[in-house]
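One-letter residues, chain by chain:
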Amino acid sequence: MASARIKKGDQVVVLSGKDKGRTGEVTKAMPKDGKVVVSGVNVAVRHKKPTQTNPQGGLERSEAPLHISKVALADPKDGKPTRVRFEERDGKKVRVAVKSGEVING
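Residues numbered from 1 in each chain as written. Predicted model: local features only at pLDDT ≥ 70, side-chain atom pairs only at ≥ 80, totals over all residues. Heavy atoms only, no water.

### Some remarks on the sheet that holds strand β10 (residues 92–97)
Then comes step 1: Across the sheet, three strands lie side by side as β9-β10-β11; this open sheet has antiparallel pairing. The open sheet has two free edges, formed respectively by β9 (84–89) and β11 (103–104), since each of these has just one partner strand. (Pairing = 2+ DSSP bridges. Helix = DSSP H or I, 4+ residues; strand = E, 2+ residues; numbered from the N terminus.)

Encoded structure:
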């Protein structure tokens, strides 16, 4: 399952769409939906009318979820996108970057 490969707090690279090539940290992972929210990426703008709680109104910016297939983990060595492999090191199951062989923390 691809969802266990990307977790909250991981550095990821966006592979496609208007934010292609941008990097950011995963702030929320939704494995059941197959989506992730990345900080500063896929920002949606909503026009809000003035209300009693928000008398100013204006534009509300928030990060929208991205499909997990549109992001790849950033290699800890060079920051480029990489696939993830699971290996057993010192009796523990760890995530390893395919490109460099580095262990991904987390």
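### Things to note about the sheet that holds strand β3 (residues 35–38)
Then comes step 1: If you trace the six strands from one edge of the open sheet to the other, you get β6-β3-β2-β1-β7-β8, paired in antiparallel fashion. At either end of the open sheet lies a strand with only one pairing partner, and these are β6 (66–67) and β8 (81–82).
Then comes step 2: As judged from the two bridges shared by β3 and β6, these two strands associate in the antiparallel manner. Across the sheet, the residue bridging to Val 36 is Leu 66, located in β6.

### A few points about the nonpolar core
Then comes step 1: Ile 6, Val 12, Val 36, Val 38, Leu 66, Val 71 and Leu 73 are the most contacted members of the largest nonpolar core, which has 14 residues in total.
Then comes step 2: Of all elements in the fold, only β1 (11–14), β3 and β7 (71–74) reach the threshold of two or more residues within this core.
Then comes step 3: In contact with Val 38, not counting residues within four places along its chain, are Val 12, Gly 24, Glu 25, Val 26, Thr 27, Glu 63, Leu 66 and Val 71. (Core = buried A, V, L, I, M, F, W, Y, C linked by side-chain atoms within 4.5 Å. Buried < 20%, exposed > 50% of the residue type's maximum accessible area, 1.4 Å probe, protein only. Contact = heavy atoms within 4.5 Å.)

### As for the environment of Val 71
Then comes step 1: Take Val 71: it is sitting in strand β7.
Then comes step 2: As a C-alpha pair, Val 71 and Ala 29 span 42 residues in sequence and 12 Å in three-dimensional space.

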